[in-house]
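# Tertiary structure, described
Next come the chains, spelled out residue by residue.
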Amino acid sequence: MDKYINLVKLSVGSESVDSLIAWQDSYRRRFADGLPRHITRMWPKREPEILNGGSIFWVIKGVIQCRQRILRLDEVTGEDGIRRCAIVLDPQIHRTQGAQKRPFQGWRYLKPEDSPADLPESRAQDDALPEDLNRALAEIGVL
């Protein structure tokens, strides 16, 4: 199989890529392997495609701003006894070109051809644009 699929997910509570990084750094210490995770109730039906090179693209303040490569999917059981899916992520976060995304619940599949490109390394550490400007540029397709 040479095809892959990405996921897109709202990063609820994140104000910026930096706040997502800080939250993941503190949260991942809970796990023996030290890798960040996103735990979700639903198990992706397209698991083989996701694990064939897929990433999770994070929506922050209505704009896709970064992505992380998905390493594996682990089964976890919550304190309530319900089976869940832990999406285990590469700790490296890649900033992407901004792409506006309307609110949605859960995660969605994102085709590679519809996924925003990574920013060049030379721009990855640039200061973030103000939220309103970032959103406006994404709306008109400049980012």
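As the structure is a prediction and not an experimental result, all values here were calculated from the model.

### What to know about unusual backbone geometry
Although it is not a glycine, Lys 61 adopts a positive phi angle of roughly 55 degrees. By the secondary structure assignment, Lys 61 is in the loop between β3 (55-60) and β4 (63-77).

### Quick word on the packing of aromatic side chains
Tallied over the entire structure, the rule returns three aromatic pairs. Here the aromatic rings of Trp 23 and Tyr 27 are separated by 4.7 Å at their centres, their planes lie at 15 degrees, and the arrangement is stacked. One end of the pair, Trp 23, and the other, Tyr 27, are both in helix α1 (residues 17-27), four residues apart, so they sit about a helical turn from each other. Using a relative accessible area of 47% as the deciding quantity, one classes Trp 23 as partly exposed.

### Regarding the environment of Gln 68
Along the polypeptide, Gln 68 turns up in strand β4. The spatial distance from the C-alpha of Gln 68 to the C-alpha of Pro 36 is 9.8 Å, given a sequence separation of 32 residues. Not counting the four nearest positions on each side in its chain, Gln 68 is found in contact with Gln 24, Pro 36, Ser 55, Ile 56, Trp 58, Leu 89, Asp 90, Pro 91, Gln 92 and Ile 93. Reaching out from Gln 68, the side chain makes a polar contact with the side chain of Gln 24 at a distance of 2.8 Å.

### What about the pairing of strand β1 (residues 6-10)?
Taking burial as the measure, the five residues of β1 include five buried ones, the bulk of the element. Burial along β1 is two-sided: the face carrying Asn 6, Val 8 and Leu 10 and the face carrying Leu 7 and Lys 9 are both buried. For β1 and strand β7 (residues 107-110), the ladder comprises four bridges, and the chain directions are antiparallel. Looking at the pairing, Asn 6 lines up with Leu 110 of β7. The sheet contact formed by β1 and β3 spans four bridges and is parallel. Looking across to β3, one finds that Leu 10 is bridged to Val 59.

### Some details on the nonpolar core
Of all hydrophobic cores here, the largest spans 16 residues; its most connected members are Leu 7, Cys 66, Ile 70 and Ile 87. Among the elements of the structure, α1, β3, β4 and β5 (83-89) are those that each provide at least two residues to this core. One finds Leu 10, Phe 57, Ile 64 and Leu 110 within the second-largest nonpolar core, a separate group that totals seven residues.

### Structural notes on the pairing of β3
The buried fraction of β3 is high, at six of six residues. Of the two faces of β3, both are covered, the one formed by Ser 55, Phe 57 and Val 59 as well as the one formed by Ile 56, Trp 58 and Ile 60. Sheet topology places β3 next to β4; six bridges connect them, and they run antiparallel. Bridging across to β4, Val 59 finds its partner in Ile 64. Joining the antiparallel neighbours β3 and β4 is a turn of two residues, in which Lys 61 adopts a positive phi near 55 degrees.

The rules behind each value
- Residues numbered from 1 in each chain as written.
- Predicted model: local features only at pLDDT ≥ 70, side-chain atom pairs only at ≥ 80, totals over all residues.
- Heavy atoms only, no water.
- Helix = DSSP H or I, 4+ residues; strand = E, 2+ residues; numbered from the N terminus.
- Phe/Tyr/Trp six-rings, centres within 6.5 Å; stacked < 30°, edge-to-face > 60°.
- Buried < 20%, exposed > 50% of the residue type's maximum accessible area, 1.4 Å probe, protein only.
- Contact = heavy atoms within 4.5 Å.
- Polar contact = N/O pair within 3.5 Å; in protein donor to acceptor, adjacent residues only side chain to side chain.
- Pairing = 2+ DSSP bridges.
- Core = buried A, V, L, I, M, F, W, Y, C linked by side-chain atoms within 4.5 Å.

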